[in-house]
Amino acid sequence: MFNFSASRTASASVQPVGVRRHLAQLLLIAAACAATGQARAEEEGSALRDNAVAGQVADVGSTGLGLALGAAEANPLGILTLGVKAIAYKQIKEAPATEQPAMWSAYGAFGWGATANNLCVIAAIATGGAAAALCPLIGVVAGVTVYNGDEDKRNRETFAAICQEQRRAKPDLVCEYRDGKG
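Residues numbered from 1 in each chain as written. Predicted model: local features only at pLDDT ≥ 70, side-chain atom pairs only at ≥ 80, totals over all residues. Heavy atoms only, no water.

**With respect to the overall build of the protein**
Note the following rule: Helix and strand definitions follow DSSP, with helices as H or I runs of at least four residues and strands as E runs of at least two, each counted in order from the N terminus. Here's how the labels work: a residue is buried when its accessible area is under 20% of the maximum for its type, exposed when over 50%, partly exposed in between, all with a 1.4 Å probe on protein chains only. Contact criterion: two residues are considered in contact whenever any of their non-hydrogen atoms come within 4.5 Å of each other. For accessible areas, the Shrake-Rupley method is used with a probe of radius 1.4 Å. Any residue's cover is judged against the shown protein chains and nothing else.
When helices and strands are counted, the protein shows 6 helices and 2 strands. Secondary structure elements in the protein, listed N-terminal to C-terminal, are β-α-α-β-α-α-α-α. When the 182 residues of the protein are sorted by exposure, 32% land in the buried category. Across the protein, every contact between residues at least 6 apart in sequence was considered, and the portion connecting residues at least 24 apart equals 75%. Carbon and sulfur atoms make up 63% of the accessible area of the protein, which amounts to about 10700 Å² in all.

**Describing the pattern of salt bridges**
Rules: Put simply, a salt bridge is a Lys or Arg side-chain nitrogen that is within 4 Å of an Asp or Glu carboxyl oxygen.
With the rule as written, the count across this model stands at 5 salt bridges. Residues Asp-59 and Lys-85 are paired through a salt bridge, measuring 2.7 Å at the closest nitrogen-oxygen approach. A residue pair is termed long-range when its members are at least 10 positions apart, and Asp-59 in helix α2 (residues 47-68) and Lys-85 in helix α3 (residues 81-94) qualify at 26 residues. We classify Asp-59 as buried; its relative accessible area is 0%. Given the relative accessible area of 9%, Lys-85 is considered buried. Its salt-bridge partner being Glu-176, residue Arg-178 comes within 3.3 Å of it at the nearest N-O pair.

**Digging into the state of the cysteines**
Applicable threshold: Whenever a pair of cysteine sulfur atoms sits within 2.5 Å, that pair is classed as a disulfide.
Applying the stated criterion across every chain yields a total of 2 disulfides. Sulfur-sulfur distance for the disulfide between Cys-120 and Cys-135 comes to 2.1 Å. Across the S-S bond linking Cys-120 and Cys-135, the dihedral sits near -75 degrees, which makes this disulfide left-handed. Taken as a pair, Cys-120 in helix α4 (residues 100-126) and Cys-135 in helix α5 (residues 135-149) lie far apart in primary sequence, 15 residues in all.

**Focus: a nonpolar patch on the surface**
This is how the line gets drawn: Residues with no salt bridge and a relative accessible area higher than 30% make up the patches, which join like charges within 9 Å and nonpolar side chains (Val, Leu, Ile, Met, Phe, Trp, Tyr) within 5 Å.
On the surface, Leu-77, Ile-79, Leu-80 and Val-84 cluster together into a nonpolar patch covering about 360 Å² of accessible area. Here Leu-77 falls in the partly exposed class, since its relative accessible area comes to 45%.

**Re α2**
The criterion, for reference: Multiplying 1.5 Å by the helix residue count minus one yields the expected span of that helix.
The end-to-end C-alpha separation of α2 is 31 Å, in line with the 32 Å expected for 22 residues at 1.5 Å each. Just beyond α2, the residue with positive phi is Gly-70, at close to 105 degrees.

**Overview of the packing of aromatic side chains**
Put simply, the test is: We call Phe, Tyr and Trp rings a pair once their centres come within 6.5 Å, taking the six-membered ring for Trp, and we label the pair stacked below 30 degrees between planes, edge-to-face above 60, and tilted otherwise.
Considering all chains together, one arrives at 3 aromatic pairs under this definition. A ring pair is formed by Trp-104 and Tyr-107, whose centres lie 6.0 Å apart and whose planes are at 65 degrees; its orientation type is edge-to-face. One end of the pair is Trp-104 and the other is Tyr-107, both in helix α4 and 3 residues apart, which spans about a single turn. In this pair, the class of Trp-104 matches that of Tyr-107, namely buried. Ring geometry for Phe-159 versus Tyr-177: centroids 5.4 Å apart, planes at 65 degrees, classification edge-to-face. Placement of the pair is Phe-159 in helix α6 (residues 151-169) and Tyr-177 in the segment after α6, with a sequence separation of 18 residues. On the accessibility criterion, Phe-159 (30% relative accessible area) is partly exposed. Taken together, the aromatic side chains of Tyr-89, Trp-104 and Tyr-107 make up a single cluster linked through ring pairs.

Written as structure tokens, this is what we have:
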């Protein structure tokens, strides 16, 4: 998850900082494009996976935009977080199908929470920085809201995965999902 602060610093060596910033932005854009391409290449769809990938791409894109506007990266891992995102994606894809819905939901919640934080920081930069201190809280609330909102999707996708596993042993098994809402 990328976080950044709304601080701007003046520097006598503008060129090297500017060059590094542009290289970081290009790397972020390339990573977002690669993630989007990988997600589109997947053969079977999952609403939770698609939302999770979109959240991670939005996080990377909003981080790049924030950096372009002069925000400073506050995450101590910085650019290394891109590798963490890729490793997490691979680990979730390799997890048992019955565990993936909860993992995709959490992965998406982190991405959308980070995106909300980043957009808040961008808004704070645009308005003079007054509300920047609230941005991490806004990010956490957004992430929790996304995760809680995914509950029905998680339940349905987990049920479908369990049903698919059971059908291997009992091909005639009929599965019927009931959401428990009456």
